[in-house]
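The chain contents come next:
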Amino acid sequence: MRMLFPLVLFAVSTTIVFAAVHGKDPEDLGVPILQRLRPAWIVAQFRDATPEIMLLLVLMMGGVYVTLHIGLRPLRHLSLLAGDIAPATIEARLPAEAAPREVAPLVEAFNAALDRLEVGLRAQRDFSANAAHELRTPLATLRAQVESLLEPAERRTASEEFERLGRLIAQLLALAEAEGGASGAAARFDLVALSRDVASDMASFILSSGRGVGFDSAIPTMMVDGQPGLVETALRNLLENAVRHTPPDAEILVTVDADGVVRVSDDGPGVSAAIRDRVFDRFSRGDPRGSGAGLGLSIVRQIMERHGGQVRLADSARGACFELDFRPGGRRDGHSPAPARPSANRTAM
């Protein structure tokens, strides 16, 4: 409107001046041209027609605005479609036939740019997946050979390094699957049952590390659409992250609230304020000397973005609490801080 009003005002003013100067009224034929160009003379000529002029001005502005609003509707639709394109939906394209003829070349160029980006992105994903697959077998063979040659005192250190390399390869493969969606087709699954199964499957690993684990759900079932294989990977990464960053005798709890938000909380030292803003970045590690590769939480974020949800580091009175919110955009009606301690009706693993 800021651009429209001056243009319409200029057009109307020019028309009025032209009509005043070149008017055919017999009474004005004897008035010299220079006198007709004086602002006072023009204002005097159209003083009585001010309401009609204002009405004409408003009608012209309204007409131009409505015309632009209707004419730009296809562009607004294309903008919404372009805003929905993300790495997980890089195969989507803008419909060139729905664009105005003048904008169609721009839409086609935009689609061509997406084609080139898709080729590069898929090549990167394939490289990560293939590299992870190809490294598994040589690493296992090398580990067996090295451990057979080392003394028992040295074998433990070598085994820890091989375990670290194995976790890194597994995380790279999981990252490639999360980015490419290679963990099976989308399906409707029970989020509560999947969370319970993952906590149960990892219970032996968690208990053997000297930590406790429990499960609690405020609802019996919660059906969501997505890839259960990827969601299982996200939950496993959160549980492994809790084990690595909590001391022995700590307790880890998996909960599902009434809104279907999955929480993995612990009563450990929590996440320091220095790394809270970058905890989901790739290769970001809370303990630089730890065995983690700094990819676990980044993979969780990638998986949640692929499902249209969000992973958050929630406020907690003690320890750390990570939330998996599968609602569109990870929206919450209100801020509900994570419970400080598990409820009494939890299921121990």
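Residues numbered from 1 in each chain as written. Predicted model: local features only at pLDDT ≥ 70, side-chain atom pairs only at ≥ 80, totals over all residues. Heavy atoms only, no water.

1. Regarding the environment of S316
Point 1. Here S316 shows up in the loop between β6 (310–313) and β7 (321–325).
Point 2. Through-space distance from the C-alpha of S316 to that of S265 is 8.5 Å; in sequence the pair is 51 residues apart.
Point 3. Among the polar contacts listed, one links the side chain of S316 to the backbone oxygen of R318, at a separation of 2.9 Å. (Helix = DSSP H or I, 4+ residues; strand = E, 2+ residues; numbered from the N terminus. Polar contact = N/O pair within 3.5 Å; in protein donor to acceptor, adjacent residues only side chain to side chain.)

2. Quick look at the packing of helix α4 (residues 50–71) against helix α5 (residues 73–83)
Point 1. It is at 4 Å that the axes of α4 and α5 come closest, and there the two elements cross at 40 degrees. Classified by the interaxial angle, the pair formed by α4 and α5 is oblique. On α5, the residues touching H69, I70 and G71 of α4 are R73, P74 and R76.
Point 2. Tallied by class, the residues present in the contact of α4 with α5 amount to 2 nonpolar, 2 polar and 2 charged. (Axes fitted to C-alpha atoms, helices over the stretch in contact; angles between N-to-C directions. Parallel < 35°, antiparallel > 145°, perpendicular 65-115°, else oblique. Contact = heavy atoms within 4.5 Å. Nonpolar A, V, L, I, M, F, W, Y, C, P; charged D, E, K, R; others polar.)

3. Here we look at the side chain of N241
Point 1. Inspection of the secondary structure puts N241 in helix α10 (residues 228–244).
Point 2. Exposure remark for N241: the relative accessible area of 13% places this residue in the buried category.
Point 3. Contact partners of N241, with chain neighbours within four places excluded, come to L297 and F322. (Buried < 20%, exposed > 50% of the residue type's maximum accessible area, 1.4 Å probe, protein only.)

4. Re the environment of V64
Point 1. Counting through the fold element by element, V64 comes out in helix α4.
Point 2. Classification of V64 as partly exposed rests on a relative accessible area of 33%.
Point 3. The sequence separation of V64 and F5 amounts to 59 residues, and the corresponding C-alpha distance is 10.0 Å.

5. With respect to the pattern of salt bridges
Point 1. Taken as a whole and assessed by the stated rule, the structure comprises 13 salt bridges.
Point 2. Here D201 makes a salt bridge to R236, at a shortest N to O gap of 3.8 Å. One end of the pair, D201, is in helix α8 (residues 191–201); the other, R236, is in helix α10, and 35 residues separate them in sequence.
Point 3. A salt bridge links E232 to R236, with the shortest nitrogen-to-oxygen separation between them at 3.1 Å. Pair noted here: E232 and R236 are both in helix α10, with a separation of 4 residues, about one helical turn.
Point 4. By relative accessible area, which is 29% here, E232 ends up partly exposed.
Point 5. Note on R236: relative accessible area 27%, which makes it partly exposed.
Point 6. Beyond isolated ion pairs, a larger network of salt bridges with shared partners links D257, D259, R263, R312, E323, D325 and R327. (Salt bridge = Lys/Arg side-chain N within 4 Å of Asp/Glu carboxyl O.)

6. Comments concerning the packing of α10 against helix α11 (residues 296–306)
Point 1. Taken N-terminus to C-terminus, the directions of α10 and α11 make an angle of 150 degrees; their axes are 9 Å apart at the nearest point. Our classification of the angle between α10 and α11 gives roughly antiparallel. Along this stretch, α10 crosses α11, giving a crossing that reads as left-handed. Residue-level inspection shows L230, V231, T233, A234, N237, L238 and N241 of α10 in contact with α11, the latter providing G296, L297, I299, V300, I303 and R306.
Point 2. When the residues that make up the contact of α10 with α11 are grouped by side-chain class, the tally is 8 nonpolar, 4 polar and 1 charged. (Left-handed = near helix turned anticlockwise from the far one by under 90°.)

7. Regarding the nonpolar core
Point 1. Within the largest apolar cluster, 42 residues are counted, with the highest numbers of intra-cluster contacts made by L239, F322 and L324.
Point 2. Looking at this core, the element that brings in the most residues is α10, giving 8 residues.
Point 3. Residues contacting F322, with those up to four places away along its chain left out, are L238, N241, V262, R263, V264, V271, F280, L297, R312 and L313.
Point 4. By size, the runner-up hydrophobic cluster in this structure holds 9 residues, among which are I85, L94, L114 and L121. (Core = buried A, V, L, I, M, F, W, Y, C linked by side-chain atoms within 4.5 Å.)

8. Structural notes on the packing of aromatic side chains
Point 1. Under the defined criterion, the tally for this structure stands at 1 aromatic pair.
Point 2. When the centroid spacing of 6.0 Å and the interplanar angle of 85 degrees are considered together, the rings of F280 and F322 count as edge-to-face. A residue pair is termed long-range when its members are at least 10 positions apart, and F280 in the loop between β5 (262–266) and α11 and F322 in strand β7 qualify at 42 residues. The two residues F280 and F322 agree in class, both being buried. (Phe/Tyr/Trp six-rings, centres within 6.5 Å; stacked < 30°, edge-to-face > 60°.)

9. Overview of the confidence of the model for the protein chain
Point 1. Counting all residues, the mean pLDDT for the protein chain is 78, and 77% of those residues have values of 70 or more.
Point 2. A low-confidence stretch, residues 333–345 (pLDDT under 50), is modelled with 18 contacts involving residues beyond four sequence positions or located in other chains. (pLDDT = per-residue confidence, 0-100.)

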